[in-house]
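# Secondary and tertiary structure notes
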Amino acid sequence: MGKKRKSMPVTFAAPVSQKNKTSSTALLATATMASSTTSTAASILERALAQLTTDPLGLLVGEGSTASFLENQWEQAPCVFRASPERLAYFHHLLSLPPYLQAAQRRDEPKRVKSAGKAPTSRSFRLGVDVNAARHMHGHRETLNEINAEHAKQTDLTPVHHGQATAATLSHLHNTKGCTLQVLQPQRWDDRCWRLAAALESQLGCLVGVNAYLTPGGTQGLAPHSDPVEIFVIQTEGEKSWRLYDPLEGFALPNQASGDLRQDQIGKPCLEVVLSPG
């Protein structure tokens, strides 16, 4: 078993385009099933919350599998875990695009200051601080964190301050520009992310961070790269294709990020998988 790291971010991959849009319609097909389905879903979520309290790592890798995972796979090999009902219940639509934009709208509303003579202040998310907007095109990553000011000039949107990530700007970057929204450390304001990070920190004895990636369908947000941390990727909505590669020489257990890599540097993938929710 390799040396344990000082920090271990958890990365959420959350594309917002779904190949199948029938799930909500199926749930509404027969009214007689609604009460039973709601009760069952609530009990599953209760089990998930209980497991998060006693064995949060088991919620991610499978109940009763924590010891085996730490012994045989931690820092040794990539692995894929089938969805469990509890994991599906806890991560259902976690930080998908609509609730994220709703959170951005709430923060865009001016905060009233009680002190006389002071104007209302904005608490909007900030590009490059709270969220990055990126897309991978023609073999290169493009970061569009400076687009908001120019976009405000060209539209009827209320002008925004430099660096502000208003709900309208975020929607434009995602839906029009095809950017992945890399939401940085949402556990600062999202309770479910905070609860997961806190539980894992308590169990593993190390720092845990959270990022969320909201990716438009048919696009790629980031260039191939390696990170100096242990990463759990949890699909919360839609599907995303992943390719994993053998470590570059000297990067088996790196202490720094590799930076963006070219395809000819990384060879053929050692694992290809399509992740679905859970």
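The structure under discussion appears in the preceding block.
Computed from a predicted model, the values in this text were never measured in an experiment. (Residues numbered from 1 in each chain as written. Predicted model: local features only at pLDDT ≥ 70, side-chain atom pairs only at ≥ 80, totals over all residues. Heavy atoms only, no water.)

### Considerations on the environment of G58
In this structure, G58 sits in helix α3 (residues 56-61). By relative accessible area, G58 is classed as buried at 1%. Sequence-wise, G58 and R87 are 29 residues apart; in three dimensions their C-alpha atoms are separated by 9.9 Å. Those residues in contact with G58 that sit more than four places away from it in its chain are Q51, E63 and T66. (Helix = DSSP H or I, 4+ residues; strand = E, 2+ residues; numbered from the N terminus. Buried < 20%, exposed > 50% of the residue type's maximum accessible area, 1.4 Å probe, protein only. Contact = heavy atoms within 4.5 Å.)

### Here's the deal with the nonpolar core
Ranked by size, the top nonpolar core spans 41 residues in total, and within it Y100, L170 and L181 carry the most contacts. Ranked by residues supplied to this core, first place goes to helix α9 (residues 191-204) with 6 residues. Once residues within four sequence positions are removed from consideration, Y100 is found in contact with F125, V131, L170, L181, V183, W189 and L214. (Core = buried A, V, L, I, M, F, W, Y, C linked by side-chain atoms within 4.5 Å.)

### Notes on the pairing of strand β4 (residues 140-143)
On a regular strand, one side chain projects to one face of the sheet and the next to the other, so that they alternate. One ladder, built from 4 bridges, connects strand β3 (residues 131-137) with β4; its direction is antiparallel. Its bridge partner lying in β4, H136 is registered against R141. Counting the residues that bridge the hairpin from β3 to β4 gives 2 residues, and of these H138 lies at a positive phi of roughly 55°. (Pairing = 2+ DSSP bridges.)

### Some details on the packing of aromatic side chains
Using the criterion set out here, one finds 7 aromatic pairs in the structure. Look at F69 and F232: their rings are 5.9 Å apart centre to centre, the planes differ by 40°, and that puts the pair in the tilted class. Here F232 lies in the loop between β7 (210-214) and β8 (233-235) and F69 lies in helix α4 (residues 66-72), a separation of 163 residues in the sequence. Overall, F69 belongs to the buried group, its relative accessible area being 6%. Judged by centre distance (5.1 Å) and plane angle (80°), the rings of Y90 and F91 are edge-to-face. (Phe/Tyr/Trp six-rings, centres within 6.5 Å; stacked < 30°, edge-to-face > 60°.)

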